[in-house]
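Coordinate inspection notes
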Amino acid sequence: MQRRYVSIWFPHLITDWFSNRQPYLRDLPFVICAPSHGRMMITAANQAVMKNGITRGMVLADARAILPSLEVLDDKPGLPDKLLLRIAEWCIRFTPGAAADPPDGLLLDVTGCSHLWGGDHRYVEEIGRKLRERGYSIRIAIADTIGAAWAVARFGNSSPVVKTAQHVEALLDLPPEALRLEEPTVERLHKLGLDRISKFIHIPRATLRRRFGNHFLMRLDTACGHETEVLHFVQPIVPYYERLPCLEPIATATGIAIALERLLNALCARLQQDQKGLRTAVFSGYRSDGKVEKLQIETNSPTYSVKHLFRLFENKLPSIEPALGIELFVLEAPKVEDHFPVQEKLWETSGNLDDIRLAELIDRLSVKLGPQTIHRYLPDEHYWPERSYKPAGSLQELTTATWKDDGQRPLQLLPVPERIEVTAPIPDYPPMLFRFHDKVHKVIRADGPERIEQEWWLQQGQHRDYYRVEDEAGNRYWLFRSGHYSDKAHQWFIHGFFP
């Protein structure tokens, strides 16, 4: 598939932002200033000011001499980068590949996206319209290379859409500044009369390298498509995702459910073809007011079952607030795993952890009760009880360790043992009394000790002597002493409760 890129230029990025926050500034000539070497320098100027010959980099005193009624605002350090990052994240509604292009632009990898809006022309028009509605003046272009799109957006005088395979022709009538060259190189080209790219693009490369250096050739090659340019997206692109733009904003529950079903059908077909199954899915709705509604589900085993995934989302759909309507729906699968279909045997009944019905049941219960309600644990190779198990990542996860069944263990185990006060008559003897949560418990029955040694590969803490005790109310507890009784620093803890 032919790569396609969009470049967006904000010629008045900072002043547009100030005008959006303070609408009265839209009708006034104003500049943004910052101190530099003891003088106030203009860092940005709105369009009304630039018509009077005042530009960025001028001294404020000189600008006021030209326009006494000039409004002056203080600069905000780091604002351009923050703005570009925020707008790039907003542009993800048009493509998953959005990157900031400091100091005043954005670059979008829109390969395979424009057809969802009816072609390049409608796609570019829609992006431009949305940004202008947000109060930004822009120039935009789309081409096969980043360099060509950047050049046409800033210096092109014709259509913002450069047709496929015609990016080189679109560059020929543009000035050398369109290649993103350093200022000294641009001045040298103009002095030589090379004021259009067409005048030097066919000059032998050895001559160009000798006169202008490797950086000049690199910029020329990236614009012409001979070298690849890498973008650093504001959010990593998910390999498995589907997008569904809407001709009119969708605000009904039925419309949202139809959009979800269509996206699931498209995504699951891709997953099935690649023998993959999703473990996490994110359904996003981009509202016309700029906000994003998101739903996320997780599964216990990889799946591409449209029916099952729709049922998981169905319980959460009422939480979506469409407001004035949703313009774009996106379904992403950020976590996928291999999923190979297994042939079922008619003469055997499946009742183990590989049964897909069990996984789907747990998924549905997790959606209704919460993602942290149902757990599966596996044994871990540790002696201490709180380290002897670990949560399983899926129903199919296996382990080489085995559960320790050489002693009785409580069903309810505290994640962290809690300190208690104990009265014990003699060494290695169970306690007679212990205080837990300000309540004194009298021990009438006890069994132990069971010693669990320090884990030598961790070297943390002392050995433990565990006791199973029962108080006068019939409640049973799991207590332990850390260290030897003769050690004055020994401590007692409660670690669990028996049924």
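Residues numbered from 1 in each chain as written. Predicted model: local features only at pLDDT ≥ 70, side-chain atom pairs only at ≥ 80, totals over all residues. Heavy atoms only, no water.

Description of the layout of surface pockets
Note the following rule: Cavities and pockets are defined on a 1 Å grid built over the protein atoms alone: a cavity is a set of grid points where a 1.4 Å probe fits but cannot escape, while a pocket is an open set with protein on both sides within 12 Å along at least five of seven lines, and lining residues are those with an atom within 4 Å of any such point. Grid points are joined across faces, edges and corners, and a volume is the space filled by probe spheres set on the points. All residues other than Ala, Val, Leu, Ile, Met, Phe, Trp, Tyr, Cys, Pro, Asp, Glu, Lys and Arg, Gly among them, are scored as polar; the first ten of these are nonpolar and the last four charged.
Considering only enclosed or pocket space, the second largest pocket measures out at about 780 Å³ in volume. What lines the second largest pocket is a set of 25 residues, among which Pro11, Thr43, Arg56, Pro103 and Asp104 lie closest to the centre. Looking at the lining of the second largest pocket residue by residue, the class counts come to 13 nonpolar, four polar and eight charged.

A word on helix 1 (residues 13–21)
What counts here: For every residue, the accessible area obtained with a 1.4 Å probe (protein chains only) is divided by the maximum for its type, and the residue is called buried under 20%, exposed over 50%, and partly exposed between those limits. Labels follow the DSSP assignment, with helices taken as runs of H or I lasting at least four residues and strands as runs of E lasting at least two, numbered in each case from the N terminus. Only heavy atoms enter the contact rule, under which two residues are in contact if any of them lie within 4.5 Å.
The element helix 1 is largely enclosed, with a buried count of seven among its nine residues. Along helix 1, the residues that are buried comprise Leu13, Ile14, Thr15, Asp16, Trp17, Phe18 and Ser19. Tucked inside the fold, the buried residues of helix 1 contact strand 2 (30–36), strand 3 (39–45), strand 4 (71–74) and helix 4 (79–90).

Focus on the nonpolar core
Our working rule: Residues grouped as a nonpolar core are buried Ala, Val, Leu, Ile, Met, Phe, Trp, Tyr and Cys residues, joined through side-chain atoms within 4.5 Å.
The biggest cluster of nonpolar side chains holds 39 residues, and the ones touching the most others in it are Ile8, Phe10 and Phe18. At the level of secondary structure, the elements contributing two or more residues to this core comprise strand 1 (5–9), helix 1, strand 2, helix 4, strand 6 (105–109), helix 5 (120–133), strand 7 (139–143) and strand 11 (326–338). For this core, the element with the highest residue contribution is helix 4, accounting for six residues. Excluding anything up to four places from it in sequence, Ile8 contacts Asp104, Gly105, Leu106, Leu108, Ile127, Leu131, Ile138, Arg139, Ile140 and Arg154. Counting residues in each nonpolar core, the second largest holds 27 residues, with Ile256, Leu271, Ile326 and Ala333 among its members.

Considering the sheet that holds strand 4
Two orientations exist for strands paired in a sheet by backbone hydrogen bonds: parallel and antiparallel. The line we're drawing: Note on pairing: two strands pair once DSSP finds at least 2 bridges between them. Each axis is a line fitted through C-alpha atoms, taken for helices only over the stretch in contact, and angles between the N-to-C directions span 0 to 180 degrees.
Strands sit in the order 3-2-4 across an open sheet of three strands; the sheet is mixed. Looking at the sheet topology across the chains shown, the edges are occupied by strand 3 and strand 4. Put simply, the sheet's adjacent strands are angled 45° from each other on average, direction ignored. Of the strand pairs in this sheet, strand 2 and strand 3 are connected by six bridges, and their pairing is antiparallel. Looking across to strand 3, one finds that Pro35 is bridged to Met40. Across the sheet, helix 1 lies against strand 2, strand 3 and strand 4, angled at about 120° from strand 2, the strand it touches most.

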